[in-house]
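These are the residues of each chain, in order.
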Amino acid sequence: MNLFAIALVIASTFMHASWNLMAKHGKSEHDFFERMQVMIILVGLIPFAISEYHVRSIPSQAWVYAVFSGFSCGIYYFSLANAYSLSDFTTAYPVARALPVLLMGFIDTARGEMPTSIGWLGMVMVAVGCTFSPLESIKEIRLSKYINKASVWMVLTAFGTVGYSTFDKMASEIVKKGVWTAGRYGYAFYAFSGIFYIIIKRLFHRKSSDNNNSRNIGWFMPTLSGILGFGAYWLVLWAYQLVNRASYVVTFRQFSIVIGVIAAFIIYREKGFVIRMTAVLTITAGLIIITIWG
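Owing to the predicted nature of the structure, the values given are computational and were not obtained by experimental measurement.

1. Thoughts on helix α11 (residues 246-253)
Moving on, step 1. With respect to burial, α11 is a largely interior element, eight of its eight residues being buried.
Moving on, step 2. When α11 is considered as a whole, its buried residues turn out to be A246, S247, Y248, V249, V250, T251, F252 and R253.

2. Some thoughts on the side chain of S79
Moving on, step 1. Looking at the element boundaries, S79 is found in helix α3 (residues 60-86).
Moving on, step 2. We classify S79 as buried; its relative accessible area is 1%.
Moving on, step 3. Discounting chain neighbours no more than four positions away, the residues touching S79 are W153, L156 and T157.

3. Observations concerning the nonpolar core
Moving on, step 1. By size, the foremost hydrophobic cluster in this structure holds 70 residues, and its most contacted members are W19, F33, Y77, Y185, Y233 and Y240.
Moving on, step 2. Looking at this core element by element, the count peaks at 10 residues for α3.
Moving on, step 3. Setting aside residues no more than four positions away along its own chain, Y233 makes contact with Y164, S165, D168, F189, Y190, Y240 and R253.
Moving on, step 4. Counting residues in each nonpolar core, the second largest holds five residues, with A83, A96, A150 and M154 among its members.

4. What to know about the environment of N82
Moving on, step 1. Following the sequence through the fold, N82 ends up in helix α3.
Moving on, step 2. When the C-alpha atoms of N82 and W153 are compared, they prove to be 6.3 Å apart, with 71 residues separating the residues in sequence.
Moving on, step 3. Contacts of N82, omitting those with residues within four sequence positions, involve H30 and W153.

5. Quick notes on the packing of aromatic side chains
Moving on, step 1. On inspection of all chains with the given rule, the structure shows 24 aromatic pairs.
Moving on, step 2. With a centroid separation of 6.0 Å and 75° between ring planes, the pair formed by F48 and W63 is classed as edge-to-face. Of the two residues, F48 sits in helix α2 (residues 29-55) while W63 sits in helix α3, which places them 15 residues apart along the sequence.
Moving on, step 3. F48 gets classed as buried once you look at its relative accessible area, which sits at 13%.

6. Thoughts on the confidence of the model for the protein
Moving on, step 1. The predicted model of the protein averages 85 in pLDDT, with 88% of residues at 70 or higher.
Moving on, step 2. Per-element mean pLDDT across the protein ranges from 56 in helix α9 (residues 212-216) up to 94 in helix α8 (residues 179-204).

7. Observations concerning the side chain of H30
Moving on, step 1. For H30, the location among the structural elements is in helix α2.
Moving on, step 2. In contact with H30, not counting residues within four places along its chain, are F78, A81, N82, Y197, K201 and H205.

Parameters and conventions
- Residues numbered from 1 in each chain as written.
- Predicted model: local features only at pLDDT ≥ 70, side-chain atom pairs only at ≥ 80, totals over all residues.
- Heavy atoms only, no water.
- Buried < 20%, exposed > 50% of the residue type's maximum accessible area, 1.4 Å probe, protein only.
- Helix = DSSP H or I, 4+ residues; strand = E, 2+ residues; numbered from the N terminus.
- Contact = heavy atoms within 4.5 Å.
- Core = buried A, V, L, I, M, F, W, Y, C linked by side-chain atoms within 4.5 Å.
- Phe/Tyr/Trp six-rings, centres within 6.5 Å; stacked < 30°, edge-to-face > 60°.
- pLDDT = per-residue confidence, 0-100.

This is the structure we're talking about:
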């Protein structure tokens, strides 16, 4: 994996962790995600329509991938919102992102881009670090920490990640190469994900009788999160054009856990510094291994 692609993904992780922290802080995750999606669609519609009309950089097959990717991302947002509402940030966020690391390795293998043995080692280390990052103490290693009322939503979040990551990597291989094409495809991806998310939310989300949190989130934080979220994934889509293995990109995206866990300690004063920092170091070591030998 080349260093420029790594730099793109690492830069994206700072933005990705930031908007996730904002979403958790909002206390009304479903409404937060909906407003975030709406603002991305509204703000980007005219620039996208004008530029794509003149350039035509997204072929018809890539549009099909964008639809399936958007559906997967709609499931991702809905499941992540439920996981956040049932669990603390440092549990839901890392576990939901640990599973895709290894699953994407199997997807790459099926597509003829099998990670190297050292690459698998680095990916396993990252997955292990993600798994241990929710713990406050080594004594907490028990199934109830991972198998609880939020577990189903964490797993669905992970499968949503695998779905949109796979389709977006496939799209990156057939669109015109370049940063602006990545941005245009990124808008199509977010437009479809927003539409599907709103539909899924309307069909399956039962609103609480207390709407104070929904009214209090306003529009500024979701808009800022939308900007950060779009910018973060724009860089990821660009990186997909530069590498063969999507699994490595997905693995490097987990550096956002390092940022998120540290930020959660500072912002939410959560416990378990020693074991969670050990997990952070394990993730970092795995990424270094992939960088040098993967």
